[in-house]
Amino acid sequence: MTELSLPAFSVAPADAPATGPGVVVVHEGNGMSAQLIRFCERLAREGFRVLAPDFFSRSHGVDPTDFGAIIGSITPENLKGDFAAATARLREDGASKIGVTGFCMGGWFTYRAAKWAGDLGVSAAVPFYGGGIARDLGDVQCPTLMFFGDRDDYIPMSDVEKVRERHGDAVVVYPGAEHGFMRDGSENYHEASATDAWPRMLAFFDEHLS
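Every chain begins its residue count from 1, and numbering advances along the sequence as written. Confidence filtering applies because this is a predicted model: local features only for residues at pLDDT of at least 70, side-chain atom pairs given and counted only at 80 or more, and all residues used for totals across whole chains, interfaces and linings. Hydrogens and waters are ignored; side-chain quantities use all the structure's heavy atoms.

A.B. asks: Please clarify how the packing of aromatic side chains should be interpreted in this entry.
C.D. replies: What describes a pair of aromatic rings is the distance from one ring centre to the other and the angle between the planes of the rings. Each Phe, Tyr or Trp ring, with Trp reduced to its six-membered ring, pairs with another whose centre is within 6.5 Å; inter-plane angles below 30 degrees give stacked pairs, above 60 give edge-to-face pairs, and intermediate values give tilted ones. Inspection of every chain in the model, using the stated rule, returns 14 aromatic pairs. Taking the centre distance of 5.5 Å and the plane angle of 85 degrees together, the rings of F39 and W198 count as edge-to-face. Placement of F39 in helix α1 (residues 34–45) and of W198 in helix α7 (residues 191–209) is noted, with a sequence separation of 159 residues between them. Across this residue pair, the class does not change: F39 and W198 are buried. Ring centres 5.0 Å apart and planes at 65 degrees place the aromatic pair Y129 and F181 in the edge-to-face group. Placement of the pair is Y129 in the loop between β5 (122–128) and β6 (146–149) and F181 in the loop between β7 (171–174) and α7, with a sequence separation of 52 residues. Here the two residues Y129 and F181 agree in accessibility, since each one is buried. An aromatic cluster of at least three residues, connected via ring pairs, comprises F39, F103, F128, Y129, F147, Y174, F181 and W198. In this scheme, Lys NZ or Arg CZ marks a charge over a ring once it lies within 6 Å of the ring centre and within 35 degrees of the ring normal. Just above the ring of W198 sits the side chain of R42; from NZ or CZ to the centre is 3.8 Å. Secondary structure is summarised from DSSP: a helix means a run of H or I of at least four residues, a strand means a run of E of at least two, and numbering begins at the N terminus for each. Note on exposure labels: buried denotes an accessible area under 20% of the residue type's maximum, exposed denotes more than 50%, and partly exposed covers the range between, all computed with a 1.4 Å probe on protein chains only.

Given below as structure tokens:
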């Protein structure tokens, strides 16, 4: 069995068939969190095998208060290799097709996975408020659906428009939504946007991972 390159949270449907869709979930800038685990478990209840690597586990020796240094410890080469290990493990666990989703920093990493989809064997990507996407625009190699809020303090609408110019209808912008609008239990949680985005994501994965 493929050895994971990072520690990871894994969860599967209670009565999972021998094969079925899998999803790699990428945490946001606050690292592995209770909200992320709830999201993964929610996906599993919808029939997905889920793997959420701890990408910050590579930042040993870095000042934990220096977010830039933590992000800098995640090189593109390591990131691609970590995605490859995660997708390989999901396949060995029975995933027939694999999607990727993530939040904030994880949304940006999800976008990178979409650009590497041909090498990784990723069939769909859904970034949520991906900080950094506007500076990393390129050709995605799998169907991609991107969610943003128009009141995001970290991602200005000028950046969102750059992404929309590149990817058109693949970009959904929610009025009144701030950064972290999917983060249930937080002050930025935006119920209307989160309630709409969840079934959109599921329908997108159902279409491309079935």
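A.B. asks: Hey, could you run me through the side chain of R49 in this one?
C.D. replies: Assignment of secondary structure puts R49 in strand β3 (residues 49–53). Counting rule for charge: Lys and Arg are taken as positive, Asp and Glu as negative, and neither His nor the chain ends is counted. By definition, a salt bridge exists where a carboxyl oxygen of Asp or Glu is found within 4 Å of a side-chain nitrogen of Lys or Arg. Here R49 is buried and forms no salt bridge, its nearest opposite-charge partner D93 lying at an N-O distance of 6.7 Å. Two N or O atoms count as a polar contact when they lie within 3.5 Å, although within protein this holds only if one can serve as hydrogen donor and the other as acceptor, and sequence-adjacent residues are included solely when both atoms are side-chain atoms. Polar side-chain contacts of R49 include one of 2.4 Å to the backbone oxygen of P17.

A.B. asks: In this structure, what is going on with the state of the cysteines? I would like to understand it.
C.D. replies: What makes a disulfide is a covalent bond joining the sulfur atoms belonging to two cysteines. Any pair of cysteine sulfurs within 2.5 Å is marked as a disulfide. Under the counting rule described, the total for this entry stands at 0 disulfides. Looking at C104, it has no disulfide partner, and the nearest cysteine sulfur is the one in C40, 16 Å off. Owing to a relative accessible area of 17%, C104 belongs among the buried residues under this scheme. Free of any disulfide, C142 has its nearest cysteine sulfur in C40, 19 Å distant.

A.B. asks: Sorry, what's going on with the environment of L43 here?
C.D. replies: Following the sequence through the fold, L43 ends up in helix α1. Judged by relative accessible area, which is 0%, L43 ranks as buried. Along the backbone, L43 and V25 are 18 residues apart, and their C-alpha atoms lie at a distance of 9.7 Å.

A.B. asks: Honestly, the pairing of β3 in this entry has me stumped. Any pointers?
C.D. replies: Successive residues of a regular strand alternate their side chains across the two faces of the sheet. Across the 5 residues that make up β3, a large majority, 5, are buried. Burial along β3 is two-sided: R49, L51 and P53 facing one way and V50 and A52 facing the other are all buried. In this structure, strand β2 (residues 20–26) lies alongside β3, joined through 3 bridges in parallel fashion. Each bridged residue has a counterpart across the sheet, and for G22 the counterpart in β3 is R49. Once you follow β2 into α1 and on to β3, the crossover reads as right-handed. Strand pairing is defined by DSSP finding a minimum of two bridges between the two strands. Assignment of crossover handedness uses the view with strands pointing away from the viewer, where a clockwise path from the first strand over the helix to the second indicates a right-handed crossover.

A.B. asks: Looking at this structure, I do not really get the packing of α1 against α7. What am I missing?
C.D. replies: When two helices pack together, their arrangement is given by the angle between the helix axes and by the axis-to-axis distance. Contact geometry for α1 and α7: axes closest at 12 Å, N-to-C directions at 50 degrees. Compared by their axis directions, α1 and α7 come out oblique. Like other packed secondary-structure pairs, α1 and α7 cross with a definite hand, here right-handed. Between α1 and α7, the residues in contact are F39, R42 and L43 and W198, M201 and L202, respectively. Polar here means any residue outside two lists: the nonpolar Ala, Val, Leu, Ile, Met, Phe, Trp, Tyr, Cys and Pro, and the charged Asp, Glu, Lys and Arg; Gly therefore counts as polar. Classifying every residue of the contact of α1 with α7 by side-chain character gives 5 nonpolar, no polar and 1 charged. Note on geometry: axes are lines fitted to C-alpha atoms, helical ones only across the stretch in contact, with angles between N-to-C directions running from 0 to 180 degrees. Throughout this description, any angle smaller than 35 degrees is read as roughly parallel, any larger than 145 degrees as roughly antiparallel, any in the 65 to 115 degree range as roughly perpendicular, and the remainder as oblique. Each crossing is labelled by how the near helix is turned from the far one, with a counterclockwise turn of less than a right angle marking it left-handed and a clockwise turn marking it right-handed. Throughout, a residue-residue contact means that at least one pair of heavy atoms, one from each residue, lies within 4.5 Å.

A.B. asks: Please explain the nonpolar core as it appears in this structure.
C.D. replies: Most often, soluble globular proteins keep nonpolar side chains buried together rather than apart. Core analysis: the largest hydrophobic core is formed by 42 residues, its most contacted members being V25, L43, F128, F147, F181, M182 and M201. Among the elements of the structure, β2, α1, β3, β5, β6, α6 (157–167), β7 and α7 are those that each provide at least two residues to this core. For this core, the element with the most residues is α7, which contributes 8 residues. Residues within four places of L43 in sequence aside, it is in contact with V23, V25, F48, V50, W198, M201 and L202. To form a nonpolar core, buried Ala, Val, Leu, Ile, Met, Phe, Trp, Tyr and Cys residues must be joined to one another through side-chain atoms within 4.5 Å.

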